[in-house]
Amino acid sequence: MDGVLVHEGSAIPGASDFLARLVERGRRFLVLTNNSIYTPRDLRARLHASGLDVPEEAIWTSALATAQFLAEQNPGGSAYVIGEAGLTTALHEAGYTLTETDPDYVVLGETRTYSFSAITRAVRLIEGGARFIATNPDASGPSLEGKLPATGAVAAMITKITGREPYYVGKPNPMMFRSALNAIDAHSESTVMIGDRMDTDVVAGIEAGLETILVLTGSTSRADVERYPFRPHRIVESIADVVDLV
């Protein structure tokens, strides 16, 4: 989503035309984000404010992928959650009980207000046997003032204390894409991933067996591509260049 369709709250030129072309051609699609703070309804409203019309059911977040993963691993389980409504809502809807007492999992997501007491509680629960899950490994997130600590950075702190590494569900784990494919009944051989990051989007797309397109409107430049041992199938300047490929 960020860096492909929108940038700092504004639609990237060509994004609206791209979405319209998908609808016109009857292509099934999902807009993916590692951000676990917001529900799909919240994100639909944010995209709409940017001038983009994306249905709620066409938005797939790391929170939804995490909830689906846990529901498949341990149906009807329990979790102690550090995160926002996007994550707690997804887990509730997946049939999970949120508790601070003897949970099956500690689930770490993104929040703008990480609490030292909540992190300490997570440490105690993990040391007591709870399994450690994190929505995504992103170490920082953007703000108007600069970078903010994100899920990966807080997970590293918990790991340093407990010696327990989390299982990350979101990108670059290809499971994020496989769960998205299942959500729209799609097949990897006939699906394309469009992303702006080599280290999360492209590598996960390749590992999930998808054709990959890198756009240069986000965090990766053309020169950056040469540093990686893998390559996207196609590099374009922006989403506007993908419209005619649909």
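Residues numbered from 1 in each chain as written. Predicted model: local features only at pLDDT ≥ 70, side-chain atom pairs only at ≥ 80, totals over all residues. Heavy atoms only, no water.

> Before we move on, could you go through the sheet that holds strand β14 (residues 234-236) and cite the residues and values that matter?
On the basis of which strands lie adjacent, the open sheet formed by three strands has the order β12-β13-β14 and parallel pairing. Each of the sheet's edge strands pairs with one partner strand only, and the pair in question is β12 (192-195) and β14. Averaged over all adjacent pairs, the angle separating strand axes in this sheet is 20 degrees, with direction ignored. Of the pairings in the sheet, the one linking β12 to strand β13 (residues 211-215) comprises four bridges and is parallel in character. For V192, the partnering residue across the bridge sits in β13 and is E211. Sitting on the sheet, helix α8 (residues 198-207) touches β12 and β13, and the angle it makes with β13 is about 165 degrees. (Pairing = 2+ DSSP bridges. Helix = DSSP H or I, 4+ residues; strand = E, 2+ residues; numbered from the N terminus. Axes fitted to C-alpha atoms, helices over the stretch in contact; angles between N-to-C directions. Contact = heavy atoms within 4.5 Å.)

> Lay out unusual backbone geometry with the relevant residues and their values.
Omega for the peptide link from K171 to P172 comes to 15 degrees, which places this bond in the cis form. Looking at the secondary structure, you find P172 in the loop between β11 (167-168) and α7 (175-183). For D102, which is not a glycine, the phi torsion comes out positive at approximately 50 degrees. Relative to the helices and strands, D102 resides in the loop between β6 (97-98) and β7 (105-108). A positive phi angle, close to 55 degrees, is found at D185, a residue other than glycine.

Scope: geometric values only; no functional claims are made or implied.
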